[in-house]
Amino acid sequence: MPQFFRRIQNTTFCLLGLMAALPLSYAYAGEFTVTDGKADTEISEVSRIYLDGKLVSVIRLDDKNQEKTVKVTTPMGRLDHTYTLCGEITIRSPEGRVETHEVDSDGTLHNPDGHHFYALGSDNFTEFFLTDPNAPEAAEHHPGRSGVCAAPIS
């Protein structure tokens, strides 16, 4: 075999060996975005987004930062992903008292790549969920409290 072909063969084996040694945990299939906004009645809000049980983003809102959009990458090989939203919302009640409410919920995202979700709260701080108004079927909300959330330590 000519020496040129031996070099190509050796280079190919080296590249294949290198590719086999790379961990697959760094492979991502895509991404989606989430926007959270502070309501007029809120003083501040801290939201944590978990995807498949892992913390992927923390959003902090106040009068100076009233809305934030974050990108979330999704691991390769799955179309459905579980999500959990955890948060603390601080409001001023109509009587003038400052109150902090813990909000949390779980759900499932169906093929979320390329979607833009909004984090919404409802039912007097008892529900907190993701929705894509252009594709409501992309996010499934599981009513009730999440077992994942714990109060943050600050």
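Everything below is about the structure printed above this text.
This write-up is about the structure you can find in this document. Residue numbering note: each chain is counted from 1, following its sequence as written. Reporting of local features is limited, given that this is a predicted model, to residues whose pLDDT is at least 70; pairs of side-chain atoms are given and counted only at 80 or more, and all residues count toward the totals for whole chains, interfaces and linings. Values shown for side chains rest on all heavy atoms present in the structure; no hydrogens or waters enter the calculation.

## Examining the overall build of the protein chain
- In this text, helices come from DSSP runs of H or I with a minimum length of four residues, and strands from runs of E with a minimum of two, each type numbered from the N-terminal end. In terms of helices and strands, the protein chain carries 1 helix and 9 strands.
- Starting at the N terminus and walking to the C terminus, you meet the elements of the protein chain as α-β-β-β-β-β-β-β-β-β.
- Here the term buried applies to any residue with accessible area under 20% of the maximum for its type, exposed to any over 50%, and partly exposed to those in between, with areas from a 1.4 Å probe on protein chains only. Looking at the protein chain as a whole, 33% of its 154 residues qualify as buried.
- In what follows, residue pairs with any heavy atoms lying within 4.5 Å of each other are defined as contacts. In the protein chain, 60% of the contacts between residues at least 6 apart in sequence involve partners at least 24 apart.
- Carbon together with sulfur atoms contributes 56% to the accessible area of the protein chain, which is approximately 9800 Å² in total. Per-residue and other accessible areas follow the Shrake-Rupley method at a 1.4 Å probe size, with only the shown protein chains counted as cover for residues.

## Looking at the nonpolar core
- Residues grouped as a nonpolar core are buried Ala, Val, Leu, Ile, Met, Phe, Trp, Tyr and Cys residues, joined through side-chain atoms within 4.5 Å. Among the nonpolar cores identified, the biggest contains 23 residues, and Phe32, Val34, Leu85, Leu109, Phe117 and Leu130 are the most heavily contacted of them.
- Mapped onto this core, the elements with two or more residues apiece are β1 (28-37), β2 (42-51), β3 (54-61), β4 (67-75), β5 (80-92), β6 (98-110), β7 (116-122) and β8 (127-131).
- Tallying contributions element by element places β5 first for this core, with 4 residues.
- Apart from the residues lying within four places of it in its own chain, the contact partners of leucine 85 are Arg48, Ile49, Val103, Asp104, Ser105, Ala119, Phe128, Phe129, Leu130 and Cys149.

## Here's the deal with the sheet that holds β2
- Only strands joined by at least two bridges in the DSSP assignment are considered to pair. Pairing within the open sheet is antiparallel, and its 5 strands lie in the order β3-β2-β5-β6-β9. What marks the edges here is a single partner per strand, and that holds for β3 and β9 (139-142). Geometrically, the sheet is characterised by an average inter-axis angle of 25° between neighbouring strands, direction not taken into account.
- Here 13 bridges tie β5 to β6, and the two strands are oriented antiparallel to one another. By the bridge assignment, isoleucine 91 is partnered in β6 with glutamate 99. To get an axis, fit a line to the C-alpha atoms, keeping to the stretch in contact for a helix; angles then go from 0 to 180 degrees between the N-to-C directions.

## Observations regarding the environment of threonine 126
- Structurally, threonine 126 can be placed in the loop between β7 and β8.
- On the accessibility criterion, threonine 126 (36% relative accessible area) is partly exposed.
- Each C-alpha atom, one on threonine 126 and one on valine 103, is 6.1 Å from the other, the two residues being 23 residues apart in sequence.
- Filtering out sequence-adjacent residues up to four positions away, threonine 126 remains in contact with Asp104, Ser105 and Arg145.

Purely geometric numbers; function is a separate question.
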